[in-house]
Amino acid sequence: MRILQVGDLHGSVRAAEKAGEKARNTDSQVVIVVGDITNFGTLGEAEKLLRLIKERSGTPVLFVAGNCDPPELLTHAPADDKIINVHSKSFNLGGYDFMGVGGSRETPHRGTWIEMSETEFSQIVSSLSQLASQKWILLTHNPPSGVEAARSSSGLDLGSPSIRAWIERAKPLVVCCGHVHEARSISFVSGVPVVNAGPARDGNCALIELTENKALPRLERL
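Everything numeric here is computed off the predicted structure, so don't read it as measured data. (Residues numbered from 1 in each chain as written. Predicted model: local features only at pLDDT ≥ 70, side-chain atom pairs only at ≥ 80, totals over all residues. Heavy atoms only, no water.)

**Q** Let's hear about helix α1 (residues 13-25): which residues, and what values?
**A** Along its 13 residues, α1 runs 18 Å from first to last C-alpha, staying within 8% of the 18 Å computed at 1.5 Å per residue. Where α1 is buried, its residues touch β1 (2-6), β2 (30-33), α2 (43-57), β13 (204-210) and β14 (215-221). Among the residues trailing α1, Asp27 stands out with phi positive, at a value near 55°. (Helix = DSSP H or I, 4+ residues; strand = E, 2+ residues; numbered from the N terminus. Expected span 1.5 Å × (residues − 1). Contact = heavy atoms within 4.5 Å.)

What follows is the structure, encoded as structure tokens:
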């Protein structure tokens, strides 16, 4: 299976269009969107952007909300059955289980729309842990702690210890995250690749090749 990963569109229609086109041109089987679809926009705006990606790609779109998305998107189920919110749930596609964690940790500047405490992250992780299979992929807006994907330009680690502990314990094939714009990277937690594709708004994405028990990610441009 080939996955196109994007995130941090922040309301960019052009990024959504290019993401769909990139997925089609690379024969990707699914597009995953790791949050901040809007820039403090509406539920309707988020749905419009997700639908645009689906129409241009011709593939299913799996997503989680980010901290700059409307709060109702966190648990919203779009009417289109090819656009799937995987926050706090598992969705099987092509023999792989995709599980998601939306929102972010409390940010240094506070005041964004979907922020959670580490306790809340831990509760979500605990409920999802019961669903983890041998072949699963984690979509999370917030990166795990202790990796390049979580490091801000000022050196702060914006990652979640709860998400990291889960990765170390349950070993997904790959972790797809966003949130920290300047931390575009591929790093590893206990051998598991952690992919921060960088903001799609700036033309960034990643392609991930899934084999039976391995993920091979690479950073790309839209």
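Following the structure, the description resumes.
**Q** Give a detailed account of the pairing of strand β12 (residues 192-196), specifying residues and quantitative values.
**A** Extensive coverage of β12 is indicated by the burial of five of its five residues. Summarising the sheet, strand β10 (residues 174-177) and β12 pair through three bridges and their orientation is parallel. Its bridge partner lying in β12, Cys177 is registered against Asn196. Across five bridges, strand β11 (residues 185-189) lies against β12 in antiparallel orientation. Looking across to β12, one finds that Phe188 is bridged to Pro193. (Buried < 20%, exposed > 50% of the residue type's maximum accessible area, 1.4 Å probe, protein only. Pairing = 2+ DSSP bridges.)

**Q** So what's going on with the sheet that holds β1? Residues and values would help.
**A** Hydrogen bonds between backbone groups are what pair the strands of a sheet, and the pairing can be parallel or antiparallel. Taken in spatial order, the six strands of this open sheet run β4-β3-β2-β1-β13-β14, and their pairing is mixed. Across the chains shown, the open sheet's two edge strands, defined by having one partner strand only, are β4 (83-85) and β14. For this sheet the average axis-to-axis angle between neighbouring strands, irrespective of direction, equals 25°. Pairing between β1 and β13: four bridges, direction antiparallel. Within the sheet, the bridge partner assigned to Leu4 lies in β13 and is Leu207. Running at roughly 165° to β1, α1 makes contact with β1, β2, β13 and β14 of the sheet. (Axes fitted to C-alpha atoms, helices over the stretch in contact; angles between N-to-C directions.)

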